[in-house]
Amino acid sequence: MVRITRAIDFSASLRYARAEFADEENAALFGSRARHHGHNYRLEVTLRGEPDPITGMVLNLKDLQQILDDEIMARFDHRDLNLDTPYFEKDPPSPENFARVIRRILIAALPDGLLDRIRLQQDADLWVDVVEPEP
Amino acid sequence: MIELTRRYGFPAAHILRQPSLSDAENLTTYGKCANPNGHGHNYGVEVTVSGPIDERTGRILSPDLLDRIFEERVESRFARRLLNDDEIFRDRVPTAENIALVIHAALADEVAKRSSAEVVRVKIVETRHNSCISGALS
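Before going into details, it helps to say that this report is about the structure given with it. (Residues numbered from 1 in each chain as written. Chains lettered and ligands numbered in written order. Predicted model: local features only at pLDDT ≥ 70, side-chain atom pairs only at ≥ 80, totals over all residues.)

1. Focus: the interface of chain A and chain B
Listed per partner, the contact involves 15 residues of chain A and 14 residues of chain B. Mapped onto the side of chain A that touches chain B, the elements with two or more residues apiece are helix H3 (95-109) and strand E5 (126-131) of chain A. Ranked by the residues each element gives to the side of chain A that touches chain B, the list is headed by E5(A), at six residues. Along the lines of polarity and charge, the residues of the side of chain A that touches chain B split into nine nonpolar, two polar and four charged. (Contact = placed C-beta atoms within 7 Å. Helix = DSSP H or I, 4+ residues; strand = E, 2+ residues; numbered from the N terminus. Nonpolar A, V, L, I, M, F, W, Y, C, P; charged D, E, K, R; others polar.)

2. Some details on the nonpolar core
Ranked by internal contacts, the top residues of the largest apolar core, which has 50 residues, are Leu120(A), Val49(B), Ile103(B) and Leu107(B). No other element matches helix H3 (residues 96-114) of chain B, which puts eight residues into this core. In contact with Leu107(B), other than residues within four places in its own chain, are Val47(B), Ile69(B), Phe70(B), Arg73(B), Val74(B), Val119(B) and Val122(B). (Core = buried A, V, L, I, M, F, W, Y, C linked by C-beta atoms within 7 Å. Buried ≥ 20, exposed ≤ 12 C-beta atoms within 10 Å, placed from the backbone.)

3. Structural notes on the packing of helix H2 (residues 63-78) of chain B against H3(B)
All names here are of chain B. At their nearest, the axes of H2 and H3 sit 10 Å apart, and the two run at 135 degrees to each other. Overall, the two elements H2 and H3 adopt an arrangement that is oblique. Crossing of H2 against H3: the hand is right-handed. In this structure, H2 uses Leu65, Ile69, Phe70, Arg73 and Val74 to contact H3, whose residues at the interface are Ile103, Ala106, Leu107, Glu110, Val111 and Arg114. Here the residues of the contact of H2 with H3 sort into eight nonpolar, no polar and three charged. (Axes fitted to C-alpha atoms, helices over the stretch in contact; angles between N-to-C directions. Parallel < 35°, antiparallel > 145°, perpendicular 65-115°, else oblique. Left-handed = near helix turned anticlockwise from the far one by under 90°.)

4. Overview of the environment of Ala112(B)
Looking at where Ala112(B) falls in the secondary structure, it is placed in helix H3. For Ala112(B) and Arg56(B), which are 56 residues apart along the polypeptide, the C-alpha to C-alpha distance reads 20 Å.

Structural data, given as structure tokens:
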């Protein structure tokens, strides 16, 4: 088995908020993260599998890039995570929650069993890994 | 399985010297790292935690709390110091391996005490050419 990783970079704005809380309560719970701010995210997507005997690839990188463009870049790049996407109406867009959203999207978009892990880097000093169980 | 990693760093000096060995043996074992006058690195420290996500805050562990714990347990103790002066390195050589184990243990206790997260791994990046991981790989 091999693992292959493709990375993309995108930028988005966000604020941590729970819908049921007033602004002051969100500020008390989340501090400065309750303010409107942004990150340059980096997403590393790792696939696992055997290379196709003809092409030598686990998944054509062109196809993987197309999936990442359609499913991730189009949804999140230069968007506001709270206002322009449906995923954070209830839960704050912490990197943990954001990574879980991205994982769900990629699981649905990729051929079965290919996803090994994702790493969502919020900045150079903080990242979240979501690792799929061994088959 | 989900993990959160935060990267820190601190500059420190150290001397690789095993007191039970002779000067010549230390030089053979540790090479230029045995310089008795010391040398230093900008240590990178990648701390990885795992645990249940608090659904209210969306977090495994507040990065602010981890920052405080790192400041109290690592930064204030080791930054801009000679590591060999610390009591814990009296009987162990401050190699990247031992630094990783010491920092892992120092953070693990405190994180366990103050949160529901667990430190699963600590990576020490001593230079661009060598690093050491304490704990389980994912």
